[in-house]
Amino acid sequence: MGQISGLFGVRGWVKVYSYTDPREAVLDYGRWLLSSKDGWREATVAEGQRHGKTIIVRIDGYDDRDQAATLIGTEIGIPRDELPETDSDQFYWSDLEGLTVVQRDGGELGKLAYLLETGANDVMVVKGETEQLIPFVMNKVVLGVDLEKGEIEVDWEWD
């Protein structure tokens, strides 16, 4: 959902780089999961707001700048069951990463390593024999996604 990117003030507030659209949607979830070397741990957002182009929050138990500094670089997640349901042609990126990308004729292009957000459309980074960038445009380039089968079918000619 995002990452804690810096400090804000001296009372334990931190800056959050939000992966949500709109940015402040990360604040819709009061119960966060924070990454650590030991796995994920639960945290509660005490306060939060948009501040210019960034999001600032205060997390329960982090009341001063020194405590908050320990959170810099921490990834933010939420429990999967709190995510809204998607439409049939919408997907969470985390569900797509790792799927096999195949051509419409069945030829395997590689695995979807990750996605990039661009102004026009999202782009799949597919790693196989070579690394390929393929636009994620449903019903044009992406012909179908089969989560159960673990495949994304594409119509893509690589030069």
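Up top is the structure these notes are about.
Residues numbered from 1 in each chain as written. Predicted model: local features only at pLDDT ≥ 70, side-chain atom pairs only at ≥ 80, totals over all residues. Heavy atoms only, no water.

## A few points about the pattern of salt bridges
Side-chain pairs of opposite charge can arise whenever the charged atoms involved come near each other.
Reasoning step 1: Applying the stated criterion across every chain yields a total of nine salt bridges.
Reasoning step 2: A salt bridge links E42 to R31; its shortest N-O distance comes to 3.6 Å. Remark: R31 occurs in strand β3 (residues 31–36) and E42 occurs in strand β4 (residues 39–51); sequence separation between them is 11 residues.
Reasoning step 3: Measuring nitrogen to oxygen at the nearest pair gives 2.7 Å for the salt bridge that ties R80 to D95. Taken together, the positions of R80 in the loop between β6 (75–77) and α2 (93–96) and D95 in helix α2 put the pair 15 residues apart, joining distant regions of the chain.
Reasoning step 4: Of the residues examined, R80 reaches a relative accessible area of 46% and is grouped as partly exposed.
Reasoning step 5: One network of salt bridges, with partners in common, ties together R31, E42 and E82. (Salt bridge = Lys/Arg side-chain N within 4 Å of Asp/Glu carboxyl O. Helix = DSSP H or I, 4+ residues; strand = E, 2+ residues; numbered from the N terminus. Buried < 20%, exposed > 50% of the residue type's maximum accessible area, 1.4 Å probe, protein only.)

## Observations concerning the sheet that holds β3
Sheets are built from strands that pair by backbone hydrogen bonding, the pairs being arranged parallel or antiparallel.
Reasoning step 1: Around the barrel, six strands lie side by side as β1-β2-β5-β4-β3-β6; this closed barrel has antiparallel pairing. Taking each pair of neighbouring strands and ignoring which way they run, the sheet shows an average axis angle of 50°.
Reasoning step 2: Where β3 meets β6, two bridges bridge the pair, whose relative direction is antiparallel. Considered in β6, the bridge of L33 is made with G77. (Pairing = 2+ DSSP bridges. Axes fitted to C-alpha atoms, helices over the stretch in contact; angles between N-to-C directions.)

## Observations concerning the sheet that holds strand β11 (residues 142–146)
Reasoning step 1: The strand order across the open sheet built from six strands is β10-β9-β8-β7-β12-β11, with neighbouring strands paired in mixed fashion. Of all strands in the sheet, those with a lone pairing partner are β10 (131–135) and β11, marking the two edges. For this sheet, the mean inter-axis angle between neighbouring strands, taken without regard to orientation, is 35°.
Reasoning step 2: As paired strands, strand β7 (residues 100–103) and strand β12 (residues 151–154) are joined by four bridges and run parallel to one another. Directly across from T100, in β12, lies its bridge partner E151.

## Structural notes on the pairing of β10
Reasoning step 1: In the sheet, strand β9 (residues 122–127) pairs with β10 via five bridges, with the strands oriented antiparallel. For K127, the partnering residue across the bridge sits in β10 and is E131.
Reasoning step 2: Hairpin connection between β9 and β10: a loop of three residues separates the two successive antiparallel strands.

## Some thoughts on the packing of aromatic side chains
Aromatic rings considered in pairs are described by the distance between their centres and by the relative angle of their planes.
Reasoning step 1: Within the structure shown, the criterion is met by one aromatic pair.
Reasoning step 2: Ring centres of Y17 and Y19 lie 5.8 Å apart, and the angle between their planes is 70°; this geometry places the pair in the edge-to-face category.
Reasoning step 3: By relative accessible area, which is 54% here, Y17 ends up exposed. (Phe/Tyr/Trp six-rings, centres within 6.5 Å; stacked < 30°, edge-to-face > 60°.)

## Brief notes about the side chain of S18
Reasoning step 1: One can find S18 in strand β2 (residues 13–18).
Reasoning step 2: Within the structure, S18 has its side chain in polar contact with the side chain of T20 (distance 2.6 Å).
Reasoning step 3: What S18 contacts, discounting residues up to four positions off in sequence, is M1, G2, R23, V26 and I55. (Polar contact = N/O pair within 3.5 Å; in protein donor to acceptor, adjacent residues only side chain to side chain. Contact = heavy atoms within 4.5 Å.)

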